[in-house]
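Examining the three-dimensional arrangement
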Amino acid sequence: MNGDGLKSHHPPSDLAVAVDEMSIERVVARLLTVGTYAFVALLAVGTALMVVGGVQPLGASPRFDPSRIGDDIAHLRAAGFLSLGLIAVVATPAGRVLVSLIGYARGGERLMAVISALILAVIALSVALAQGFAA
Amino acid sequence: MWRFHAEGGRGPLQANGVIEVLLLIGGGVAAGLFGSLLGLGGGILIVPLLTLGFGLPLITAVGVSLVCVIVTSGAAAGVYLERRVANLRLGMTLELFTAIGALTGGFIAFLVPERFLELLFAALLGYVGLTIGRRRDADPEPEIDTSGGASGRADGAGNSVAALEARLSAPGYRVRRLGFGVAGSLVAGVVSALLGIGGGLVKVPVMHVVMGVPLRVATATSNLMIGITASAGAIVYLLRGGIEPYVAAPTAIGVFLGATLGSRTAHRIDLRVLRGLFVVILLYTAVQMLLRGLS
């Protein structure tokens, strides 16, 4: 739809940009699909380990600690898979924006590239501020 | 108003733990199913489920709900983009402002009293329930504007806005009143992070009614946007310890299953019956949330 839209609102010489836009959408769609299946799989493994370990979800949950993920996964502890899954959940939309930024920059669409970069800047600011408050 | 508690220590396949996991998955399935069939994110149901059903604090429920909103978006937005229904350019332009709103709302949520959020959520539930109850089966599409309309200004700042609106448009419709879209997106972002919803309740009407985007495109584009909106808020919650992984994981899996099931069975279900049931649930939940906020 948007690719067609570009054809109607841009001169024919912009056909290459329209093709790039179509490929951006396709790549973004695949990234979202793959990302979603990946984090659902991680959360599912974590949940299965919770059940096997007799964990009660409504009891105390482990505090989110990225530095322990590797060790927890190596020892097949639920917390590691769940933390990695949650990171994948919040990172997938940002990954989609990053792919769009690269696509728009390569296609010479400066305005959309700038908008993509600003969205990533807001997300980076979220991380920085939240870490600052948590510290 | 019940909550399961362990009697004694933890052990392999402890019955209560398994039941809790199954209940959270089941609640997630119901929220995801309703949400996908009625075009809403699951957040509007997840938060009451976790607070009223499982007795969790509202701030915890909001954190879990934001995770579920991203899951819903990821499952649906990819399909909408593949089918070329969602408008990626429009979505990215507006989500810059929803992200700013969500970042702001994420911090406000930790500062305001929980009672205030509960009353706000009760008002939201009541509003949504009444809106859905009064909705007609087929809302009229906005008049298609191919002449330029409000975008046809040819001087100064209006010219650059008109040019941007034209770039964001697609065949069959022309985006207009971008300024209102920006303002609506900021509001949607704040509300999303405060209450753990996707914000589609604000974005879809703004895009459809105010900006002239067809309903189908507005819904699909909103679905794409709620991922970034919820993500900006969820990062704040996650890093501040506001997301409980043991609750979030089973609920999110349930939402994913429910949303997937809903998208495959939508054509077989009588939406009028479903809508009526949903309105009753929403209004009942609104009263419960109101009582909780006032108690």
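Everything numeric here is computed off the predicted structure, so don't read it as measured data. (Residues numbered from 1 in each chain as written. Chains lettered and ligands numbered in written order. Predicted model: local features only at pLDDT ≥ 70, side-chain atom pairs only at ≥ 80, totals over all residues.)

So, the overall build of chain B
What chain B contains, in helices and strands, is 11 helices and 0 strands. Along chain B, from the amino end to the carboxyl end, the secondary structure elements read α-α-α-α-α-α-α-α-α-α-α. When each of the 295 residues of chain B is scored for burial, the buried share is 56%. Of the contacts formed within chain B by residues at least 6 apart in sequence, a portion of 81% connects residues at least 24 apart. (Helix = DSSP H or I, 4+ residues; strand = E, 2+ residues; numbered from the N terminus. Buried ≥ 20, exposed ≤ 12 C-beta atoms within 10 Å, placed from the backbone. Contact = placed C-beta atoms within 7 Å.)

Structural notes on the overall build of chain A
Along chain A, the regular secondary structure elements total 5 helices and 0 strands. The order of helices and strands in chain A, counted from the N terminus, is α-α-α-α-α. Looking at chain A as a whole, 44% of its 135 residues are labelled buried. Look at the contacts in chain A between residues 6 or more apart in sequence, and 55% of them connect residues 24 or more apart.

Concerning helix α3 (residues 58-82) of chain B
Residues and elements named next belong to chain B. Counted at 1.5 Å a residue, the expected span for α3 with its 25 residues is 36 Å, and the 36 Å between its end C-alpha atoms agrees. The largest bend along α3 measures about 25° and falls at A76. Counting buried positions along α3 yields 22 of 25 residues, so the element is predominantly enclosed. Positive backbone phi, at 60°, marks R84, one or two positions downstream of α3. (Expected span 1.5 Å × (residues − 1). Bend = angle between axes of the 7 residues up to and from the residue.)

What to know about unusual backbone geometry
Where the residue is not glycine, phi is negative for most of them; where a peptide bond is considered, it is trans in most cases. All names here are of chain A. With a phi close to 50°, L76 is a non-glycine residue in the positive phi region. Relative to the helices and strands, L76 is located in the loop between α3 (69-74) and α4 (78-106). Look at L76 and you get exposed, because 12 C-beta atoms sit within 10 Å.

Examining the packing of helix α4 (residues 88-108) of chain B against helix α9 (residues 215-239) of chain B
Residues and elements named next belong to chain B. Where α4 contacts α9, the two axes come as close as 8 Å, and the packing angle between them is 30°. Judged by the angle between their axes, α4 and α9 are roughly parallel. Every pair of crossing elements has a handedness; the one defined by α4 and α9 is right-handed. Each of L90, G91, L94, E95, T98, A99, A102, L103, G105, G106 and F107 in α4 lies in contact with α9, whose residues at this interface are T221, L224, M225, I228, T229, A232, G233, V236 and Y237. In terms of residue class, the contact of α4 with α9 is made up of 12 nonpolar, 7 polar and 1 charged. (Axes fitted to C-alpha atoms, helices over the stretch in contact; angles between N-to-C directions. Parallel < 35°, antiparallel > 145°, perpendicular 65-115°, else oblique. Left-handed = near helix turned anticlockwise from the far one by under 90°. Nonpolar A, V, L, I, M, F, W, Y, C, P; charged D, E, K, R; others polar.)

A word on the nonpolar core
The biggest cluster of nonpolar side chains holds 130 residues, and the ones touching the most others in it are V67, A99, A234 and A252 of chain B. Apart from residues lying up to four places away in sequence, V67 of chain B is in contact with L86 and V89 of chain A together with A234, I243, A248 and A252 of chain B. (Core = buried A, V, L, I, M, F, W, Y, C linked by C-beta atoms within 7 Å.)

Focus: the environment of G35 of chain A
Of note, G35 of chain A is situated in helix α2 (residues 15-52). Considered as a pair, G35 of chain A and R96 of chain A are 61 residues apart in the sequence and their alpha carbons are 9.4 Å apart. Ignoring anything within four residues of it in the chain, the contact list for G35 of chain A reads A88, T92 and G95 of chain A together with G74 of chain B.

Description of the interface of chain B and chain A
Residue-level contacts link 64 residues of chain B with 57 residues of chain A. Only α1 (15-38), α3, α4, α6 (156-168), α9 and α10 (245-265) of chain B provide two or more residues apiece to the side of chain B that touches chain A. It is α4 of chain B that contributes the most residues to the side of chain B that touches chain A, 10 residues altogether.

Thoughts on helix α8 (residues 200-210) of chain B
Residue and element names in this part refer to chain B. Counted residue by residue, α8 has 8 buried out of 11 residues, so it is predominantly covered. Burial in α8 covers these residues: G200, L201, V202, K203, V204, V206, M207 and H208. Buried residues along α8 sit in contact with α5 (114-134), α7 (178-195) and α9.

What to know about the environment of P113 of chain B
Residue and element names in this part refer to chain B. Checked against the element boundaries, P113 lands in the loop between α4 and α5. Residue P113 is classed as exposed on the basis of its C-beta count, with 9 C-beta atoms lying within 10 Å. As a C-alpha pair, P113 and M289 span 176 residues in sequence and 15 Å in three-dimensional space.

Structural notes on the environment of V206 of chain B
Residue and element names in this part refer to chain B. As for its placement among the helices and strands, V206 is situated in helix α8. A tally of 22 C-beta atoms within 10 Å means that V206 is categorised as buried. Sequence spacing of V206 and A183 is 23 residues, and the spatial spacing of their C-alpha atoms is 9.4 Å. Look past the residues within four positions of V206 in its chain and what remains in contact with it is F180, G181, G184 and M211.

Points about the confidence of the model for chain B
Residues and elements named next belong to chain B. With 85% of its residues at a pLDDT of 70 or more, chain B has an overall mean of 81. Per-element mean pLDDT across chain B ranges from 78 in α6 up to 92 in α4. When the criterion is pLDDT under 50, residues 1-15 qualifies, and its contacts beyond four places in sequence or with other chains add up to 22 contacts. Here residues 143-154 is a poorly scored stretch, pLDDT under 50, and it has 21 contacts once near neighbours within four places are set aside; other chains count. Predicted as a complex, the structure gets a pTM of 0.81 and an ipTM equal to 0.81. (pLDDT = per-residue confidence, 0-100.)

Considerations on the confidence of the model for chain A
Of the residues in chain A, 81% reach a pLDDT of 70 or more, and the chain-wide mean stands at 83. Of the regions scoring below 50 in pLDDT, residues 1-13 of chain A engages in 30 contacts with residues more than four places distant in sequence or in other chains.

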